[in-house]
Amino acid sequence: QVQLAEFGGGLVQAGGSLRLSCEASGQTGNIFSMGWFRQARGKEREFVGAVSLISGNTYYGDSVKGRFIITRDTAKTSIASDNAKTKTAAYLQMDMLRPEDTAVYTCIADDAYSSSHYSPADFKFWGRGTQVTVSS
């Protein structure tokens, strides 16, 4: 199993920036992509973007293109070979935020990467979500 934990949500003014982090734990060797969905109150879940943990390639939903960037981190956190650990994380840098970006942002991960994956059903692992509120 894979567990995902989000960090970094909060309140920001329109035009501002915010950075979300998502750290994966558990059987992280089984995941090849990470990303984000969001859901505003009273609306359906919306795909934000995803990143390949291997290549770093990304793709995004239309409403965030040019404003949001997803990066990943798969660096080893210890150089000791007998205690080597690998950090598996994804980051969502959100710039030029708008009030309509207000939503609960949820980290997702999957055991595959495909730029045709936009549906919630395409992603196996989900975090609990973090609230992002953009004031006008």
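These numbers were taken from a predicted model, which means no experiment stands behind them.

Peer 1: So what exactly am I meant to see when it comes to the overall build of the protein chain here?
Peer 2: Scanning the protein chain from terminus to terminus reveals zero helices and eleven strands. Each helix and strand of the protein chain, ordered N terminal to C terminal, gives the series β-β-β-β-β-β-β-β-β-β-β. Here the protein chain has a C-alpha radius of gyration of 15 Å; the compact-globule value for 136 residues is 14 Å, and the two agree. Dimensions of the protein chain, computed from the C-alpha atoms along their principal axes, are close to 50 × 30 × 25 Å. For the protein chain, the residues scored as buried account for 40% of the 136 residues in total. Across the protein chain, the fraction of contacts at a sequence separation of at least 24, relative to all contacts at a separation of at least 6, is 59%. As displayed, the protein chain offers around 7,300 Å² of accessible surface, 47% of which is attributable to carbon and sulfur atoms.

Peer 1: I tried to follow the sheet that holds strand E7 (residues 68–73) on my own but got confused; where do I start?
Peer 2: Adjacent strands of a sheet pair through backbone hydrogen bonds, lying either parallel or antiparallel. Judged by pairing direction, the sheet is antiparallel, and its four strands sit side by side in the order E1-E3-E8-E7 without closing on themselves. Each end of this open sheet is capped by a strand with a single partner; those strands are strand E1 (2–7) and E7. The sheet shows a mean angle of 20° between the axes of neighbouring strands, direction not considered.

Peer 1: Would you take a moment to explain the nonpolar core for this structure?
Peer 2: Nonpolar side chains in soluble globular proteins generally cluster together in the buried interior. Formed by 28 residues in total, the largest nonpolar core has its most connected members in Leu4, Met34, Trp36, Leu92, Met94 and Tyr105. Of all the elements in the fold, those that place two or more residues in this core are E1, strand E3 (18–26), strand E4 (33–39), strand E5 (46–52), E7, strand E8 (88–94), strand E9 (103–110) and strand E11 (130–135). In terms of nonpolar packing, the next biggest core, distinct from the first, is built from six residues, Phe37, Phe47, Tyr59 and Ile108 among them.

Peer 1: Got a minute to help me understand the environment of Met94 in this structure?
Peer 2: Checked against the element boundaries, Met94 lands in strand E8. Taking the C-alpha atoms as reference points, Met94 and Tyr59, 35 residues apart in sequence, are found 14 Å from one another.

Rules used in this analysis
- Residues numbered from 1 in each chain as written.
- Predicted model: local features only at pLDDT ≥ 70, side-chain atom pairs only at ≥ 80, totals over all residues.
- Heavy atoms only, no water.
- Helix = DSSP H or I, 4+ residues; strand = E, 2+ residues; numbered from the N terminus.
- Rg over C-alpha atoms; globule rule 2.2 N^0.38 Å.
- Buried < 20%, exposed > 50% of the residue type's maximum accessible area, 1.4 Å probe, protein only.
- Contact = heavy atoms within 4.5 Å.
- Areas by Shrake-Rupley, 256 points an atom, 1.4 Å probe, with all protein chains shown as cover.
- Pairing = 2+ DSSP bridges.
- Axes fitted to C-alpha atoms, helices over the stretch in contact; angles between N-to-C directions.
- Core = buried A, V, L, I, M, F, W, Y, C linked by side-chain atoms within 4.5 Å.

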